[in-house]
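Notes for the structure review
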Amino acid sequence: MQLKRVAQAKLPTPWGTFIIIGFEELTTGKDHVAMVFGDINEQQPILTRIHSECLTGDALFSLRCDCGFQLEAALKQIAKAGKGILLYHRQEGRNIGLLNKIRAYALQDQGLDTVEANEQLGFAADERDFTICADMLKLLGVNKIQLLTNNPEKVKVLQQAGITITERIPLEVGENPNNEHYLATKAHKMGHILHLHHK
Ligand SMILES: Nc1nc2c(ncn2[C@@H]2O[C@H](COP(=O)(O)OP(=O)(O)OP(=O)(O)O)[C@@H](O)[C@H]2O)c(=O)[nH]1
Ligand SMILES: [Zn+2]
């Protein structure tokens, strides 16, 4: 176990009142949160979204990616289902950090794709560690989920970490002319399952 559970409180949103639960990584002190809706301690699989931190998309309205749209759609879908979990996984920029993501964006402005930009900066295409997400689920007492994602890697790593995934549910929202190349690269180079309209 890489985390401890630290604090929780009510968190009203436009779509209903969630409970926000804060976790801390034992070795680094890095914090993560879960947004929990309804009764998750039932036997049925729980609708779950793993959302990777994206300051630009989540808070600053960036159209370079689909993150802000996915965040809102996932919270709405969970509230509508009456129960579910959104894990806000604080590994910004596929875990290269905000400043390196801005460096990667600058390289993409010069013509590199999102994978090539990471590599040029000395990183793997995706540096995230989803075992932290499995640990959050375990601390919430949840081991059977339906996962909202287009990324088969998330399904694989969570299953390896002991979480049962009964279903992968696509979350395809926010495609626009600014992110069409980014989404196409995710589909072609990173194995994401996407049905793109622009290309
Ligand atoms: N390094 C880097 N990170 C990016 C870039 N664009 C978005 N991100 C980060 O990518 C993460 C989101 O990952 P995505 O690949 O969009 O989606 P995913 O989480 O793997 O898959 P889904 O579950 O289908 O959304 C967030 O942490 C973003 O900050 C980029 O060009 N470079
Ligand atoms: Zn983003």
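Residues numbered from 1 in each chain as written. Chains lettered and ligands numbered in written order. Predicted model: local features only at pLDDT ≥ 70, side-chain atom pairs only at ≥ 80, totals over all residues. Heavy atoms only, no water.

1. What to know about the UniProt feature "active site" (unreviewed entry) in the protein chain
Per the UniProt record, "active site" (unreviewed entry) is annotated on Asp-126 and Arg-128. Looking at the secondary structure, you find Asp-126 in the loop between α5 (114-120) and α6 (131-139). For Asp-126, a relative accessible area of 25% translates into the label partly exposed. Setting aside anything within four residues of it in sequence, one finds Asp-126 in contact with Arg-94, Asn-118 and Met-190. Position of Arg-128 among the secondary structure elements: in the loop between α5 and α6. With a relative accessible area of 16%, Arg-128 lands in the buried category. The residues contacting Arg-128, other than those within four sequence positions of it, are Ser-52, His-89, Gln-91, Arg-94, Asn-95, Asn-151 and Lys-154. There is a polar contact of 2.7 Å between the side chain of Arg-128 and the side chain of Ser-52. (UniProt positions renumbered as here; feature names shortened; annotations may be inferred. Helix = DSSP H or I, 4+ residues; strand = E, 2+ residues; numbered from the N terminus. Buried < 20%, exposed > 50% of the residue type's maximum accessible area, 1.4 Å probe, protein only. Contact = heavy atoms within 4.5 Å. Polar contact = N/O pair within 3.5 Å; in protein donor to acceptor, adjacent residues only side chain to side chain.)

2. Re the pattern of salt bridges
Evaluated as defined, the whole model comprises 11 salt bridges. A salt bridge links Arg-128 to Asp-126, with the nearest nitrogen and oxygen atoms 2.8 Å apart. Each of Asp-31, Glu-53 and Arg-90 takes part in salt bridges that share partners, so that together they form one network. (Salt bridge = Lys/Arg side-chain N within 4 Å of Asp/Glu carboxyl O.)

3. A look at the coordination of the zinc ion (ligand 2)
At the metal site, the zinc ion (ligand 2) is ligated by Cys-54 (SG), Cys-65 (SG) and Cys-67 (SG), and these contacts range over 2.2 Å. Sequence spacing of the donors to the zinc ion (ligand 2): C-x10-C-x1-C. Here Cys-54, found in the loop between β4 (46-52) and α1 (55-58), pairs with Cys-67, found in helix α2 (residues 67-81); they are 13 residues apart in sequence, far enough to count as distant. Each member of the pair Cys-54 and Cys-67 is classed as buried. (Donors = N, O, S within 2.8 Å, 3.2 Å for Na, K, Ca; no water.)

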